[in-house]
Number of protein chains: 2
Amino acid sequence: MDGVDQLAPERKKAQFDVDEMKIVWAGSRHAFQVSDRIARLVASDPAFCKDNRAMLSRKELFKNTLRKAAYAWKRIIELRLSEEEASMLRSSVDEPAFTDLHWGMFVPAIKGQGTDEQHQKWLPLAYKMEIIGCYAQTELGHGSNVQGLETTATFDPQTDEFVIHSPTLTSSKWWPGGLGKASTHAVVYARLITDGQDHGVNGFIVQLRSLEDHSPLPGITIGDIGMKFGNGAYNTMDNGVLRFEHVRIPRNQMLMRVSQVTREGKYVQSNVPRQLLYGTMVYVRQTIVADASCALSRAVCIATRYSAVRRQFGSKNGGPETQVIDYKTQQNRLFPLLASAYAFRFVGEWLKWLYTDVTQRLQANDFSTLPEAHACTAGLKSLTTTATADGIEECRKLCGGHGYLCSSGLPELFAVYVPACTYEGDNIVLLLQVARFLMKTVSQLGSGNMPVGTTTYMGRAEQLMQCHCGVQKAEDWLNPSAILEAFEARAIRMSVACAQNLSKFTNQEEGFAELAADLVEAAVAHCQLIVVSKFIEKLQQDIPGKGVKPILEILCNIYALHLVHKHLGDFVSTGCITAKQASLANEQLRSLYSQVRPNAIALVDAFNYTDHYLGSVLGRYDGNVYPKLYEEAWKDPLNDSVVPDGYHEYIRPLLKQQLRNARL
Amino acid sequence: MDGVDQLAPERKKAQFDVDEMKIVWAGSRHAFQVSDRIARLVASDPAFCKDNRAMLSRKELFKNTLRKAAYAWKRIIELRLSEEEASMLRSSVDEPAFTDLHWGMFVPAIKGQGTDEQHQKWLPLAYKMEIIGCYAQTELGHGSNVQGLETTATFDPQTDEFVIHSPTLTSSKWWPGGLGKASTHAVVYARLITDGQDHGVNGFIVQLRSLEDHSPLPGITIGDIGMKFGNGAYNTMDNGVLRFEHVRIPRNQMLMRVSQVTREGKYVQSNVPRQLLYGTMVYVRQTIVADASCALSRAVCIATRYSAVRRQFGSKNGGPETQVIDYKTQQNRLFPLLASAYAFRFVGEWLKWLYTDVTQRLQANDFSTLPEAHACTAGLKSLTTTATADGIEECRKLCGGHGYLCSSGLPELFAVYVPACTYEGDNIVLLLQVARFLMKTVSQLGSGNMPVGTTTYMGRAEQLMQCHCGVQKAEDWLNPSAILEAFEARAIRMSVACAQNLSKFTNQEEGFAELAADLVEAAVAHCQLIVVSKFIEKLQQDIPGKGVKPILEILCNIYALHLVHKHLGDFVSTGCITAKQASLANEQLRSLYSQVRPNAIALVDAFNYTDHYLGSVLGRYDGNVYPKLYEEAWKDPLNDSVVPDGYHEYIRPLLKQQLRNARL
């Protein structure tokens, strides 16, 4: 059966131009071409094979990752890849490695927080990888609360040095990727202390290991923090622990763009606005949202293809059973995730624009949109990563028993993805930040301070508090303005209700703590509105390609209406829609599922993932699932011998009733 | 800090007698004593240590499981443990092994489906473990749909044998635990064919391996299906693949209690009612519900203790930060899971009673309650396993970053638990069965056929379709009858709405397929009602112990009211409660959280889990989390050397810019 495309009949059903959709998904023809070329390059190079990752021991796994990272760098140099191509190559290799932190955190931290002089000294070293850097912020006892970090950097004016020290066990740096085994340097966050005074947390460039033999420098204790969730997954990464015993670094290794310590030990704030630092946060979170659409779409691609291959029940007269993708229960779980993958892709694209916009404004000293942009990215990071983590696991369940096999690719995808819900801001903590911003916006309504950006709708609070949804028949739910109004009304009503409840507390902070769960829900409602509205905006643009726009409209409606159903309590109890309208939304949703069905395979083909990248027997492009599952099984080390290791010691004595005398 | 109980201040806060609660949790003083004694026995025996499980390679892991299984059996014999104690010991060892299938599936299958003669021949062999058996039902291409199995058992009247054969690749047996490497025998399910006629699926006892050297018998291909989700977890189990090439077994190895094949090859149905087989299903699913409460309570125990240890934000004047368990967002996620653990425990206890009741009725040829009991256990299996799988992952997230470490115990707990959502009936398929039963019940209302058991409330449909919730202030929600009525009204209204929508279809099956997603939701509403009502019934009994009943009442209310909030759309859109009442429920919920807070640690102590069983640094009884996390990290194989294996080949050439010439 090799070489036969089992899914060809499904592909023939598609009602849109899948090649054009690939461009839409990639964002541009150029982006498509780069990613397509690099992904094929990686997929065709056996050095990047990842088939046996789940079976390797920790040490083998890590060594293999070191090999791949070095090899990837070698290829990047040999092929003279551009920065864009190099980054695409690293992501196509699809294996967390110390280089992610080097390029993704160490270099940007120096760029963002270092002075020009520091740039000149450190960036060339980093760019050539003559040093390997990581980002040492979180500590054993301190994660979300950066201001609670305990590591100290005490200025010694006598030697013009900082003394970096870990005063307690809980101050041990803990989690930084690349720290455990690979990095030679780190940006270390520590409390800056001059003349006995604590100036809060600052970044410092600290060399950790000898560049000659990689041994830790004096005063530095360093190691890996141990196994993490899943097979393969993040165990390719050396998340590390790090302790300092009065380690001295020159004064000029404090990152001094925003604040400085002078030769005399004076703490000085520069005239560089601190807000500039938030720009970086917007950038990082935007990439996280893009990654969410990527991870979710992988899972959806696997589950969709396998749902078309898998048949169960419904055989008539001994004919084939029904494809599970034809069951409404399967569609009802799968298609909203398919729609979410597209929705997150487009909101991620928009965030890229937002980052450019914010950057330009910051350069022009315009900080007016920053709080809104900050709240918006925080909320979208939270929303998309939570939905993606849940969605991957749902896709695994949609693959039934076989989804539990590592060869399905889904267990590793889940395990490697879930940290996104915690890093760069715990998702609940972030939603509380959004809620705080919303409460502030509500409190300023009517003050003449008009809400901007994604909160513009709150300026129409009066109207939205009273509007009635006009939907009278199921098709009315296809109207974008009906959807938008329902989401806007729900969001503002939930925010206003929270604000009213808050106002009953004499102590605002107490009220905020007490009502935190409600506030989180109001923040979610606001963020869902953003995703829905950006999807709708995307569809207002010109989108070429036969049938491309119509099918995207269907996905947009599915995304919105499945949320209406999922959060029905919000919509109905705030009076935004009636029970009858809710039931019409459900009816419309079912009809949309039927419209997606023939296009489902083509919609996941449009992600343009190679079989190498998917890493899933169930999600193979050709649908040739069963023979390959069977083939994969025999590769397990347990199958090296027919009679298992341990038979003579533990099984035979049991069967032969000779256990009493056995030494176990 | 070793030996100091960091959580002692928390334990002092408890307002109830934790020792009495332990009895309530265990079900009886006797059950408590047995489980306590056996759990300590296992915990104190270094042979049962499971600390390094996440780090072992597949082969080491499996061999280690063989050792533990043999050792456990040895101890069971040496200590002359009763069946109850032996089963408790196996579950305390807490490692999936071939013995689970031998005792849990192979023996019961023979008992339930074998004749007296077959019992006499096979059971003594199995009881002494002179043979090791497994349960070979599912196939590569066939899971939920048992009637779709392809393996054939063709009777050959010439030799008085069955010929067992795997006619296709998809007919390969796939998944059976214990099959891959350990079992000598299997109960194999295959299509019985006599004289060219297919009589559907029957069970057959088939020897797979030589009892002398464990090699597979002629015509049998057998192996392990490969790595599964997670570190440790189910990778201790040899889930297997099995193919038959015309394998012959004597006729008397067909399990013949319900139907027989005579010497002449005639297929005969016995007078044993087929319904008897459903009794086994009720039994197995009852144990799954009990396991759900066990798995969920473990996760909740870990998350609760760690939430009391972990502090983040809220430091005042340099004092300690706030315990995260004091945050309402944490309580809002954690306490409903704590309440669910207790709820599932009690509904599991009730299911045990139901099984006894059903068995007694079956013996008296009374099949009247069987359909209801069957629907009820199917639904509860689905409900509790889904909630538990999601709940474990939520607990992991509640532990922040550290929950991602294997040493937290949560990744393995999740990975080992999730198959429960798929095996013994996929959870969605089961809910559709429940829905089918509910639709039938609705259609018979008014026919004089009064609904029984857990559907009794449907007999009051008329009243429940019209009732109005009487809650006027938050405390009114503490009234069990208010809660019960709201859940009953919601369940019946959702069922009736489905039935009405179904009636619009001319083809009932088409309607059922089209409305499947709604039907699933109606089934969930019904099942949640069962759990709530059994919790309430439990509290109507006499429960001794200071403060025990009051705190259970609080948990019961939390369980019910968090469901009201979670499924608000159901309750409000069916008109069971108003938006105002929903908001009062929320208010009441917050106040209940505050009442649970001081009792939280004691409530998880009542599960009486040893540190061995919990297997979590975060969940340690003494709360001594950070030093132990630090200690655990150094045990990772990667920390065997300071400079990692691979440095010379892959890191040094990179740093020294010598990659071009390196062979990678």
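Worth saying up front: this structure is predicted, and the values here are computed from it rather than measured. (Residues numbered from 1 in each chain as written. Chains lettered and ligands numbered in written order. Predicted model: local features only at pLDDT ≥ 70, side-chain atom pairs only at ≥ 80, totals over all residues.)

### A word on the overall build of chain A
Our working rule: In this description a helix means any DSSP run of H or I spanning at least four residues, a strand means any run of E spanning at least two, and both kinds are numbered starting from the N terminus. Using C-alpha atoms as the atom set, the radius of gyration is obtained and then compared with a globule rule of 2.2 Å times the number of residues to the power 0.38. Any residue with 12 or fewer other C-beta atoms within 10 Å of its own C-beta is exposed, any with 20 or more is buried, and the rest are partly exposed; the C-beta atoms used are placed from the backbone. Here, residues touch in the contact sense if the C-beta positions derived from the backbone fall within 7 Å of one another.
For chain A, the helix and strand inventory stands at 23 helices and 11 strands. Here chain A has a C-alpha radius of gyration of 27 Å; the compact-globule value for 664 residues is 26 Å, and the two agree. Within chain A, the fraction of its 664 residues that count as buried is 54%. Within chain A, counting contacts between residues at least 6 apart in sequence, those at least 24 apart form 74% of the total.

### Overview of the relation of the copies chain B and chain A
This is how it is decided: When the copies are superposed, the least-squares fit draws on C-alpha atoms of residues that have pLDDT of at least 70 in both.
For these two chains of identical sequence, chain B goes onto chain A by a turn of 180° and a shift of 0.0 Å along the axis, with RMSD 0.0 Å. Within this description, the copies of the chain are treated as partners about a two-fold rotation axis. Ranked by how close their C-alpha atoms come to the rotation axis, the residues of chain B are headed by Gly569(B), at 1.8 Å. A share of 100% of interface residues in chain B that are also interface residues in chain A marks the association as one of identical surfaces.

### What to know about the UniProt feature "domain: Acyl-CoA oxidase C-terminal" (unreviewed entry) in chain A
Quick note on the threshold: UniProt positions are given in the numbering used here, feature names are shortened, and annotations may be inferred rather than shown by experiment.
Under the UniProt annotation, the feature "domain: Acyl-CoA oxidase C-terminal" (unreviewed entry) is placed at residues 479–656 of chain A. Helix and strand shares over residues 479–656 of chain A are 71% and 0% respectively, and the end C-alpha atoms of the span are 74 Å apart.

### Re the pairing of strand E3 (residues 161–165) of chain B
Residues and elements named next belong to chain B. What counts is decided by this rule: Here, strands pair whenever DSSP counts at least two bridges between them.
Looking at chain direction, strand E2 (residues 152–156) and E3 are connected through 5 bridges and run antiparallel. For Thr-152, the partnering residue across the bridge sits in E3 and is His-165. Hairpin connection, E2 to E3: the antiparallel pair is bridged by 4 residues, and Asp-160 has positive phi, about 60°. Direction of pairing for E3 relative to strand E9 (residues 247–250): antiparallel, over a ladder of 4 bridges. Note that in E9 the partner of Ile-164 across the bridge is Val-247.

### Observations concerning helix H11 (residues 410–417) of chain B
All names here are of chain B. Summarising burial for H11: 8 of the 8 residues are buried, a large majority. Within the sequence span of H11, burial applies to Leu-410, Pro-411, Glu-412, Leu-413, Phe-414, Ala-415, Val-416 and Tyr-417. On the buried face of H11, the contacting elements are helix H8 (276–309) and helix H10 (370–398).

### A short note on the interface of chain B and chain A
We apply this condition: Each residue receives one of three labels: charged for Asp, Glu, Lys and Arg, nonpolar for Ala, Val, Leu, Ile, Met, Phe, Trp, Tyr, Cys and Pro, and polar for the others, Gly being one of them.
Opposite the 110 residues of chain B that make contact, chain A presents 110 residues. The element contributing the most residues to the side of chain B that touches chain A is helix H4 (residues 58–78) of chain B, with 11 residues. Residues belonging to the side of chain B that touches chain A are distributed by class as follows: 58 nonpolar, 30 polar and 22 charged.

### Considerations on the UniProt feature "domain: Acyl-CoA oxidase/dehydrogenase middle" (unreviewed entry) in chain A
UniProt marks residues 134–236 of chain A with the feature "domain: Acyl-CoA oxidase/dehydrogenase middle" (unreviewed entry), using the numbering shown here. Along residues 134–236 of chain A, the helical share is 0% and the strand share 40%, with 15 Å between the first and last C-alpha atoms.

### Quick notes on the environment of Thr151(B)
Residue and element names in this part refer to chain B. You can see Thr-151 is positioned in the loop between strand E1 (133–136) and E2. Owing to 25 C-beta atoms within 10 Å, Thr-151 belongs among the buried residues under this scheme. Placed 224 residues apart in sequence, Thr-151 and Ala-375 show a C-alpha to C-alpha distance of 29 Å. In this structure Thr-151 touches Glu-139, Ile-164, Ser-166, Ser-171, Lys-173, Val-188, Ala-190, Arg-191 and Phe-244, once residues within four positions along its chain are discounted.

### What about the packing of helix H9 (residues 328–363) of chain B against helix H19 (residues 579–596) of chain B?
Residue and element names in this part refer to chain B. Let me state the cut-off plainly: Geometry is summarised by axes, namely lines fitted to C-alpha atoms with helices restricted to the contacting stretch, and by angles between N-to-C directions that run from 0 to 180 degrees. For classification purposes, an angle smaller than 35 degrees is called roughly parallel, one larger than 145 roughly antiparallel, one from 65 to 115 roughly perpendicular, and anything else oblique.
Two numbers describe how H9 lies on H19: the axes approach to 10 Å, and their chain directions differ by 85°. When the axis of H9 is compared with that of H19, the two are roughly perpendicular. Residues Lys-328, Gln-331, Asn-332 and Phe-335 of H9 touch H19, and the partners they reach there are Arg-590, Tyr-593 and Val-596. For the contact of H9 with H19, the class distribution of residues is 3 nonpolar, 2 polar and 2 charged.

### Quick word on the sheet that holds strand E7 (residues 220–224) of chain B
Residues and elements named next belong to chain B. Strand order across the open sheet formed by 3 strands is E4-E8-E7, with antiparallel pairing between neighbours. If you trace the sheet from one side to the other, it starts and ends with strand E4 (173–174) and E7, each paired once. Note that E7 and strand E8 (residues 240–244) share 5 bridges and pair antiparallel. Bridging from a neighbouring strand, Ile-222 pairs with Leu-242 of E8.

### As for the packing of helix H14 (residues 480–503) of chain A against helix H16 (residues 516–540) of chain A
Residue and element names in this part refer to chain A. Rules: Crossing handedness: left-handed means the near helix sits turned counterclockwise from the far one by under a right angle, and right-handed means the same turn made clockwise.
The N-to-C vectors of H14 and H16 enclose an angle of 160°; their axes lie 9 Å apart at closest approach. The orientation of H14 relative to H16 falls into the category roughly antiparallel. Here the hand of the crossing between H14 and H16 comes out left-handed. Residues Pro-480, Ile-483, Leu-484, Phe-487, Glu-488, Arg-490, Ala-491, Met-494, Ser-495 and Cys-498 of H14 form the contact with H16, whose own contacting residues are Asp-518, Leu-519, Glu-521, Ala-522, Ala-525, His-526, Gln-528, Leu-529, Val-532, Ser-533 and Ile-536. Looking at side-chain class alone, the contact of H14 with H16 contains 13 nonpolar, 4 polar and 4 charged residues.

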